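# Breakdown of the fold
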Amino acid sequence: MKRTYKEQLHYEGRIWMLGALLLFMLVPITVSLVLGIWPSFDMFLPGFIATAVIFWPVTTIEVFTFTPMLGTGSSYLAFVTGNLTNMKVPAALNAQDALGLEKGSEEADVIATIAVASSSIITTLIIFIGALLIIPLSPVIESESLRPAFDNIIPALFGALGVVYIMKRVKLVIIPLLFMILFFLFVPGSGGLVGIMVPVGVVITLITARILYKKGIIS
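Residues numbered from 1 in each chain as written. Predicted model: local features only at pLDDT ≥ 70, side-chain atom pairs only at ≥ 80, totals over all residues. Heavy atoms only, no water.

### Describing the overall build of the protein chain
The helix and strand inventory of the protein chain stands at nine helices and zero strands. Of the regular secondary structure in the protein chain, the N- to C-terminal order runs α-α-α-α-α-α-α-α-α. C-alpha extents for the protein chain along the principal axes are approximately 70 × 60 × 40 Å. In the protein chain, the proportion of contacts linking residues at least 24 apart, taken out of those at least 6 apart, comes to 58%. In the form shown here, the protein chain has an accessible surface area of approximately 15,400 Å², with 76% of it arising from carbon and sulfur atoms. Averaging the locations of the 13 positively and 12 negatively charged side chains of the protein chain gives two centres separated by 13 Å. (Helix = DSSP H or I, 4+ residues; strand = E, 2+ residues; numbered from the N terminus. Contact = heavy atoms within 4.5 Å. Areas by Shrake-Rupley, 256 points an atom, 1.4 Å probe, with all protein chains shown as cover. Lys, Arg positive; Asp, Glu negative; His and termini not counted. Charge placed at Lys NZ, Arg CZ, Asp CG, Glu CD.)

### Structural notes on the packing of aromatic side chains
Summed over the entire model, instances satisfying the criterion amount to two aromatic pairs. Ring geometry for Phe179 and Phe183: centres 6.2 Å apart, planes at 20 degrees, overall stacked. Placement of the pair is Phe179 and Phe183 together in helix α8 (residues 170-186), with a separation of four residues, close to one helical turn. Since its relative accessible area comes to 35%, Phe179 is described here as partly exposed. With relative accessibility at 17%, the residue Phe183 sits in the buried group. (Phe/Tyr/Trp six-rings, centres within 6.5 Å; stacked < 30°, edge-to-face > 60°. Buried < 20%, exposed > 50% of the residue type's maximum accessible area, 1.4 Å probe, protein only.)

### Remarks on the pattern of salt bridges
Close approach of charged atoms lets side chains of opposite charge pair. Going through the model one piece at a time under the given rule, you end up with one salt bridge. For Arg147, the salt bridge is made with Glu144, and the minimal N-O distance between the two is 3.5 Å. The exposure class of Arg147 is partly exposed, given its relative accessible area of 43%. Residue class for Glu144 comes out exposed when judged on its relative accessible area of 57%. (Salt bridge = Lys/Arg side-chain N within 4 Å of Asp/Glu carboxyl O.)

### Some thoughts on helix α5 (residues 106-141)
Its 36 residues give α5 an end-to-end C-alpha distance of only 41 Å, which falls more than 12% under 52 Å, the value for a rise of 1.5 Å per residue. Along its length, α5 shows its largest kink, about 80 degrees, at Ile134, and proline Pro136 lies within four residues downstream of that point. (Expected span 1.5 Å × (residues − 1). Bend = angle between axes of the 7 residues up to and from the residue.)

### Thoughts on the environment of Val31
Structurally, Val31 can be placed in helix α1 (residues 5-35). Overall, the relative accessible area of 43% leaves Val31 in the partly exposed class. When the C-alpha atoms of Val31 and Met43 are compared, they prove to be 17 Å apart, with twelve residues separating the residues in sequence.

### Observations regarding the nonpolar core
One recurring pattern in soluble globular proteins: nonpolar side chains tend to sit buried together. Counting residues in each nonpolar core, the largest one holds ten residues, listed as Phe66, Leu70, Ala78, Leu84, Val89, Ala92, Leu93, Ala112, Val116 and Leu161. With four residues, the single largest contributor to this core is helix α4 (residues 84-98). Discounting residues that sit within four places of it in the chain, Leu84 has contacts with Phe66, Leu70, Ala78, Phe79, Val89 and Pro90. (Core = buried A, V, L, I, M, F, W, Y, C linked by side-chain atoms within 4.5 Å.)

### A look at the side chain of Thr208
Looking at the element boundaries, Thr208 is found in helix α9 (residues 194-214). Apart from residues lying up to four places away in sequence, Thr208 is in contact with Leu172, Ile175 and Pro176.

### A word on the packing of α1 against α5
Running from amino to carboxyl end, α1 crosses α5 at an angle of 35 degrees, the nearest separation of the two axes being 11 Å. Residues Tyr5, Lys6 and Leu9 of α1 form the contact with α5, whose participating residues are Glu106, Asp109 and Val110. Grouping the amino acids of the contact of α1 with α5 by side-chain chemistry returns three nonpolar, no polar and three charged. (Axes fitted to C-alpha atoms, helices over the stretch in contact; angles between N-to-C directions. Nonpolar A, V, L, I, M, F, W, Y, C, P; charged D, E, K, R; others polar.)

### Observations regarding the packing of α4 against α5
As a packed pair, α4 and α5 sit with axes 8 Å apart at the nearest point and diverge in direction by 135 degrees. The angle between α4 and α5 places the two elements in the oblique class. As α4 packs across α5, the resulting crossing turns out to be right-handed. Residue-level inspection shows Met87, Lys88, Ala91, Ala92, Ala95 and Gln96 of α4 in contact with α5, the latter providing Ala108, Ile111, Ala112, Ala115, Val116, Ser119, Ser120 and Thr123. (Parallel < 35°, antiparallel > 145°, perpendicular 65-115°, else oblique. Left-handed = near helix turned anticlockwise from the far one by under 90°.)

This is how it looks when you write it as structure tokens:
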């Protein structure tokens, strides 16, 4: 039976996702088999729970938040290779905007997949080069003059990307933007809630857009 473009993507994407999951699990299993050292259950369980409590909700939220932005093909690739927030999502959105493509279209899906794949290849090459040069470059990377730059990579990425979308819909972003600014300014320890607040911001934006559209303020 001949599949459509997206049906084929889902079919192959599920296979590769399961394959990637198997490979991820084989790494610690292979190490334990080769070295003959296995973690005890009483040590494994607390570490697993502590990690799962943090990562499972955030990962679930990212699936519902980023998949509509990335599209079908690039979503599978992005979630396997990781670094969605600071690499894959900005790369996909910038590529779509540069070509003036409508989000959700097949053309935008194809371009996002190419952008995410290119980002993944470049990231792998940079990591490889970094692994070779980590020792000689350590004094430079760890210098006090460069520390502010490394501490602000994600804000710089999303700040530059955000300005583009804010300027397109200034009226729409005022309420969500004010809410987020006030929340992170006045709620103690809110810096660790960024992953959870992303979908909250999406919901607030959708509600705001609906209200403004009904009132005829935006079209």
